[in-house]
Amino acid sequence: MAQCRVTDFFARRRPRPRAASSWAKRTWRTPSPAKLEPSAPVPTKGGSRKRARPSAEPAREELTRDKPAPPARRKLRLPADAVSDPASPAASGSPEHSSPSKKTKKVISAGQLPNLAPQEDKVPSKATFSELKLCLQRARELGARVQELRTSTQRNDAGESSTPEAKEHPAGPCGEKAPAYQRFHALAQPGLPGLVLPYKYQVLAEMFRSMDTIVGMLYNRSETVTFAKVKQGVQDMMRKRFEERNVGQIKTVYPTSYRFRQERNVPTFKDGFKKSDYQLTIEPLLDQEIGNMVPQLTASRLLQRRQVFSQNLVERVREHHRAFLASLNPPMVVPEDQLTRWHPRFNVDEVPDIEPAELPQPPTTEKVATAQEVLAQARSLMSPRMEKALSDLALRTAKPSSPGSPSPELPATPPATPPAPLKGVSQDLLERIRAKEAQKQLAQMTRRPEQEQRLQRLERLPELARVLRSIFVSERKLALTMEVACTRMVGSYHTAMSPGEMEKHVQLLSELLPDWLSLHRIRTDTYVKLDKAADLAVVTARLACLARAEAL
């Protein structure tokens, strides 16, 4: 009796509700009663604290009976049904899943991702499909528009191709386009525009100067001038390649500058040349001096020859410029003594290269190079029968010459049609506009440098008149000295200018408008007096009209 009471006492003191509440939180670990196996015992209310363990498969029990327990850090592996359904009894009843851990959550989430990925990719695929269709449609529209623009530009180019201005840039010696500093060299020259030489012509002029210097040094020392010596000296001076082609160009431009010969037995001190080899020798052609003295290539003669070479180069460019003016519509004729600059549309750097002249070549010696030559020399040693057989073979292998086909006649050039933008415009109006433009370009090509400077000053006068009037208004004086007025104008004008140059502008302003601006010389100073009551707009309009009249 007492024993029963003690047992009841311990049974009542067991913390069953707390344990049940702690395990009740983890509902995903407990198997549902519907899925429990019939052999698994159902825990009673007053039973022990041990949880019911489902019976494992018999094969698995036999395998794990004699083996030790797996280590604690072994990678967790779940069966497929446990991964797909975490509430299944296989997932909850296995001894490896008795306690929840982070690894199991990661594995379950990783196993569920492949099932969810295809469902998430279905929606953006439809959106990207529609976007791709819109982009493709837009690209087709843009392509059609580009094609239309391209055809329109080709038509315009075809209409303008009849004019001589539509030329392609010259390609280099290797078929490549020349660099920009060579193609647009004439546009980057400082100072006033004039008869500027192309870049390649200027390089050739520098080569002639260097070559003349080297030849003069060797000739004055009574040495035999060879091309090898001149080539090395010119390349050291210019840092450019100097070949026989450049010597031929120099001979074309200035034929009376040198005499070229092929000579042997010229003493050389280099390993690359033999004394018996032929070498190109150069001898300057000089005027014979009075007396029996040998002429020398002095500095004055070097300068004179350089000027003659430059004039010959300019004359060559003049010929191309003359041909360009004759091809214009209407054609233009400019006197050579009045030409001070090239036509605005004449591209100086596109002038073709100078064709090199032929230089003396060493005499060729007969050398047997082919089998045909060997047979020709040994024909006298052959028998007539062998000679006839060889001639018959040559006739059979020779290709029959094709009869000369007559050259096709070139189609007549169609009359020049006006471009598309000028359709409907009167032909007389176009002729008058072209004649006026040609007259303006002719005046621009024949303008002297001093006239160019005067025109530039006239263009600055309207702005300088406003600056000068504002200076007089701020000073509140009737007259200012020339020095003070020029200093204030230099500080107020937007372009940097010296006081002396500004004084020339003020003097020109007083010459053109003596009623508005007057100069008074008193003792050693010159005073400037301005009529502030005059309308400034009228003054600037008069100056602009004078500048336009001077430009025409």
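Residues numbered from 1 in each chain as written. Predicted model: local features only at pLDDT ≥ 70, side-chain atom pairs only at ≥ 80, totals over all residues. Heavy atoms only, no water.

Once that is clear, we can look at the overall build of the protein chain. Broken down by element type, the protein chain carries 18 helices and five strands. A buried classification covers 24% of the 552 residues belonging to the protein chain. Working note: accessible area of the protein chain is about 40,400 Å², and carbon and sulfur atoms make up 55% of it. (Helix = DSSP H or I, 4+ residues; strand = E, 2+ residues; numbered from the N terminus. Buried < 20%, exposed > 50% of the residue type's maximum accessible area, 1.4 Å probe, protein only. Areas by Shrake-Rupley, 256 points an atom, 1.4 Å probe, with all protein chains shown as cover.)

Judged by pairing direction, the sheet is antiparallel, and its three strands sit side by side in the order β3-β5-β4 without closing on themselves. With partners counted over all chains shown, the strands left at the sheet margins are β3 (479–481) and β4 (517–522), one partner each. Along the sheet, successive strands turn relative to each other by an average axial angle of 30°, direction set aside. Judged from the six bridges that link them, β4 and strand β5 (residues 525–530) form a sheet pairing that is antiparallel. Of the residues in β5, the one forming a bridge with L519 is V528. Running at roughly 85° to β3, helix α16 (residues 482–492) makes contact with β3, β4 and β5 of the sheet. (Pairing = 2+ DSSP bridges. Axes fitted to C-alpha atoms, helices over the stretch in contact; angles between N-to-C directions. Contact = heavy atoms within 4.5 Å.)

Let us look at the environment of P344. Mapped onto the secondary structure, P344 falls in the loop between α11 (299–326) and α12 (371–377). The spatial distance from the C-alpha of P344 to the C-alpha of M445 is 8.4 Å, given a sequence separation of 101 residues. Setting aside chain neighbours within four positions, we find P344 in contact with Q441 and Q444.

This part is about the confidence of the model for the protein chain. Of the residues in the protein chain, 64% reach a pLDDT of 70 or more, and the chain-wide mean stands at 75. A low-confidence stretch, residues 19–27 (pLDDT under 50), is modelled with three contacts involving residues beyond four sequence positions or located in other chains. Per-residue pLDDT stays below 50 along residues 160–174; that stretch engages in 21 contacts with residues further than four places along the chain or on separate chains. (pLDDT = per-residue confidence, 0-100.)

Once that is clear, we can look at the side chain of D349. Mapped onto the secondary structure, D349 falls in the loop between α11 and α12. K200 provides the closest opposite charge to the buried, salt-bridge-free D349, at an N-O distance of 7.5 Å. (Lys, Arg positive; Asp, Glu negative; His and termini not counted. Salt bridge = Lys/Arg side-chain N within 4 Å of Asp/Glu carboxyl O.)

Omega for the bond connecting N329 with P330 falls within 30 degrees of zero, at 0°, which places this linkage in the cis form. Take P330: it is sitting in the loop between α11 and α12. One non-glycine residue with positive phi stands out, namely S222, at about 60°. Its relative accessible area of 69% is what places S222 among the exposed residues. Positive phi outside glycine occurs at R476, with the angle close to 60°. Take R476: it is sitting in the loop between α15 (449–475) and β3. The exposed category is assigned to R476, whose relative accessible area is 74%.

Two quantities define a packed helix pair, namely the angle between the helix axes and the distance between the axes. The geometry of helix α8 (residues 199–220) relative to α11 is characterised by a closest axis approach of 10 Å and an angle of 160° between their N-to-C directions. Accordingly, the angle class assigned to the pair α8 and α11 is roughly antiparallel. When the axes of α8 and α11 are compared, the crossing they make is right-handed. Where α8 abuts α11, its residues Y201, L204, A205, F208, R209 and D212 lie against L302, R305, R306, F309, L313 and V317. Residue classes in the contact of α8 with α11 are distributed as eight nonpolar, no polar and four charged. (Parallel < 35°, antiparallel > 145°, perpendicular 65-115°, else oblique. Left-handed = near helix turned anticlockwise from the far one by under 90°. Nonpolar A, V, L, I, M, F, W, Y, C, P; charged D, E, K, R; others polar.)

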